[in-house]
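# Chain and residue survey
So the chains spell out like this:
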Amino acid sequence: MMTISLAIVAYNEEKCLPLLLEDIREQSYPHDKIEILLVDSFSEDKTKEEMESFAEEGGFRQIRVYDNPGCRQSTGWNVAIREFLADESKTSAALVRVDAHARIPSDFIQRCVEALGDDNTCREDVVGGVRPTICESDSAWSKTLWMAEESMFGSSTSSIRRMSDQNTEENPVVIEDPADRNYVKTVFHACYRREVLEKLGGFREDLGRTEDNEFHYRIRNNGYRIYCSPNIYSEQYVRPTLRGMLKQKAGNGFWIGRTLGIAPGCISLYHLVPFAFVMAILTTIVLCVIGYPVFLQLLTAVYASAAVLMAVFSAFSMQRNRDRVPPTALLLPVIFFCLHVSYGAGTLIGLLSIPFGRKKK
């Protein structure tokens, strides 16, 4: 039975981290085969105290707490990777990355180990699963923001962001033929074999928000595959406020734009759709000013129709799951618009910052 290392990088997560640590306590995989690496990015709340308290409890093969001097996600993950690779005995076969703002089921590590396989079955290099979002509270507004984030129109069309009917603990899916397996470009909460990290090292520290895109791009280019198992499931908390969500989208968009000047190969066309939308708005506004309002009118009509249609679809999906649709869901079309403009404007600023970023580097 292989030993697994689980790493968490956190900054000001005193509210969510204790819940995730409780999930780790409940893991069904033998605790003497689990190593925990906790990295604090100089939090200003009680995050590090939670980590140290958890480490004092013990109950696992080893629990270690580290500081993240770079205070970025990428530098924090590199601290965990360096400590993982520094294990001279090399007893830990793989490293699992889990965000601090997440929840994992009790069989999460067990499912990762099963998906990795071995030489006698179908051996995988990197594995992960679906990662839908959840609310921090049951308020109507929180559910509305959750609907926007879960919608394909509000976030992404990627299937790894949404729950699958196959993700049940009672009925795990067995896929014997590798040709039937779902190999993807990137995945959340990935589990990496030691040999992958030994060959590729860590994340690029000049990237933010997109460090995992670039890292997984290098993984694929080096001949490794990323397997999205139908049996691995985790959850991520959606931002509890619209302001927080818009800030997140703007930051994501900014680093998409900046990354185009650093590692363009890891960026897909769908990442640039919000940017194209913002540029379309600016272009049609200019055309309207010089006497051609029809283009702005057409863009408004098409987008508004799509936003209303996707809002209705989100409401029907929620009702189908026997959940009550909040009255604030009527604001979904407006929320969609705000999210898309924030992301697209962030990408535009990121693109404009490329020359300055290169100079600074």
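Before reading on, note that the structure itself is shown above.
Residues numbered from 1 in each chain as written. Predicted model: local features only at pLDDT ≥ 70, side-chain atom pairs only at ≥ 80, totals over all residues. Heavy atoms only, no water.

Viewed as axis vectors pointing N to C, helix α5 (residues 140–150) and helix α11 (residues 332–352) meet at an angle of 55 degrees, and their least axial separation amounts to 10 Å. Taken together, the axes of α5 and α11 lie oblique to each other. Handedness of the α5/α11 crossing: right-handed. Where α5 approaches α11, its residues Trp 141, Thr 144, Leu 145, Met 147 and Ala 148 are matched on the opposing element by Leu 332, Ile 335, Phe 336 and Leu 339. For the contact of α5 with α11, a count of residues per class yields eight nonpolar, one polar and no charged. (Axes fitted to C-alpha atoms, helices over the stretch in contact; angles between N-to-C directions. Helix = DSSP H or I, 4+ residues; strand = E, 2+ residues; numbered from the N terminus. Parallel < 35°, antiparallel > 145°, perpendicular 65-115°, else oblique. Left-handed = near helix turned anticlockwise from the far one by under 90°. Contact = heavy atoms within 4.5 Å. Nonpolar A, V, L, I, M, F, W, Y, C, P; charged D, E, K, R; others polar.)

Turning our eyes to something else, we now look at the sheet that holds strand β1 (residues 3–10). The strand order β3-β2-β1-β4-β8-β6-β9 describes an open sheet built from seven strands, whose pairing is mixed. On the outer flanks of this sheet lie β3 (62–67) and β9 (226–233), each paired with one strand and no other. Strand-to-strand, the axes of this sheet are offset by a mean angle of 25 degrees, without reference to chain direction. Strand direction decides the pairing type here: β1 and strand β4 (residues 92–97), joined by five bridges, are parallel. Across the sheet, Ala 7 pairs through a bridge with Arg 97, a residue of β4. Against the sheet, helix α1 (residues 17–25) engages β1 and β2 (34–40), with an angle of about 175 degrees to β1. Helix α4 (residues 108–116) contacts β1, β2, β4, β6 (126–130), β8 (188–193) and β9 of the sheet and is inclined by roughly 140 degrees relative to β9. (Pairing = 2+ DSSP bridges.)

This part takes up helix α10 (residues 294–320). Along its 27 residues, α10 runs 39 Å from first to last C-alpha, staying within 8% of the 39 Å computed at 1.5 Å per residue. Along α10, the residues that are buried comprise Tyr 303, Ala 307, Met 310, Ala 311, Ser 314, Ala 315, Ser 317 and Met 318. In the core, the buried residues of α10 are packed alongside α5, α9 (273–289) and α11. (Expected span 1.5 Å × (residues − 1). Buried < 20%, exposed > 50% of the residue type's maximum accessible area, 1.4 Å probe, protein only.)

To continue, consider the nonpolar core. Counting 33 residues, the largest nonpolar core has Ile 24 and Ile 36 as the members making the most contacts within it. Apart from residues no more than four positions distant in its own chain, Ile 24 is found in contact with Leu 6, Ile 8, His 31, Ile 36, Phe 54, Phe 60 and Ile 104. (Core = buried A, V, L, I, M, F, W, Y, C linked by side-chain atoms within 4.5 Å.)

Here the focus is a positive patch on the surface. Positive charge collects at one region of the surface, where Arg 209, Arg 239, Arg 243 and Lys 247 lie side by side. For Arg 209, the location among the structural elements is in the loop between α6 (194–200) and α7 (211–221). A relative accessible area of 44% places Arg 209 in the partly exposed class. (Patch = residues over 30% accessible without salt bridge, like charges linked within 9 Å, V, L, I, M, F, W, Y side chains within 5 Å. Areas by Shrake-Rupley, 256 points an atom, 1.4 Å probe, with all protein chains shown as cover. Salt bridge = Lys/Arg side-chain N within 4 Å of Asp/Glu carboxyl O. Lys, Arg positive; Asp, Glu negative; His and termini not counted. Charge placed at Lys NZ, Arg CZ, Asp CG, Glu CD.)

Before going further, it helps to spend a moment on the packing of α10 against α11. In contact at an axis separation of 8 Å, α10 and α11 are set at 120 degrees when each is read in the N-to-C sense. Seen from above, α10 lies across α11 with right-handed handedness. For the pair α10 and α11, contact is made by Tyr 303, Ala 307, Val 308, Met 310, Ala 311 and Ser 314 and by Leu 332, Pro 333, Phe 336, Phe 337 and His 340, respectively. Split by residue class, the contact of α10 with α11 holds nine nonpolar, two polar and no charged.

With the rule as written, the count across this model stands at ten aromatic pairs. Ring plane angle 45 degrees and centroid distance 5.9 Å describe the contact between Phe 54 and Phe 60, whose orientation is recorded as tilted. Its relative accessible area of 1% is what places Phe 54 among the buried residues. When the ring of Phe 153 is compared with that of Phe 336, the centres are 5.2 Å apart and the planes differ by 90 degrees; the resulting orientation is edge-to-face. Of this pair, Phe 153 sits in the loop between α5 and β8 while Phe 336 sits in helix α11, and the two are 183 residues apart along the sequence. For the pair formed by Phe 153 and Phe 336, the shared burial category is buried. (Phe/Tyr/Trp six-rings, centres within 6.5 Å; stacked < 30°, edge-to-face > 60°.)

A few words on a nonpolar patch on the surface. Judged by side-chain polarity, Ile 285, Val 286, Val 289, Ile 290, Tyr 292, Val 294 and Phe 295 come together as a nonpolar surface patch covering roughly 700 Å² of accessible area. Mapped by element, the contributors of at least two residues to the nonpolar patch are α9 and α10. No other element matches the three residues that α9 contributes to the nonpolar patch. Within the secondary structure, Ile 290 is located in the loop between α9 and α10.

Turning our eyes to something else, we now look at the pattern of salt bridges. Any two side chains of opposite charge can pair, given that their charged atoms come close. Scanning the entire structure with this criterion turns up 14 salt bridges. A salt bridge links Arg 204 to Asp 206; the shortest N-O distance between them is 2.6 Å. Taken together, the shared-partner salt bridges in this structure form one network comprising Glu 22, Arg 25 and Glu 57.

Here we take up α7. Counting buried residues along α7, eight of its eleven residues qualify, which places the element largely inside the surrounding structure. Taken together, the buried positions of α7 are Glu 211, Asp 212, Asn 213, Glu 214, Phe 215, His 216, Arg 218 and Ile 219. Where α7 is buried, its residues meet α3 (73–85), β4, β6, β8, α6 and β9. Among the residues trailing α7, Gly 223 stands out with phi positive, at a value near 90 degrees.

The subject of this paragraph is the state of the cysteines. Scanning all chains against the criterion turns up zero disulfides. Unpaired in this structure, Cys 16 has its nearest cysteine sulfur neighbour in Cys 135, at a distance of 12 Å. Assessed through its relative accessible area of 3%, Cys 16 is described here as buried. (Disulfide = S-S within 2.5 Å.)

Moving on, we come to the sheet that holds strand β7 (residues 133–134). Adjacent strands of a sheet form backbone hydrogen bonds with each other and so pair up, either parallel or antiparallel. Pairing in this open sheet of three strands is mixed, and the strands run β5-β10-β7 from one edge to the other. Unpaired on one side and paired on the other, β5 (102–103) and β7 mark the two borders of the sheet. Sheet analysis places β5 next to strand β10 (residues 235–237), joined by two bridges and oriented antiparallel. By the bridge assignment for β10, Arg 103 is matched with Glu 235.

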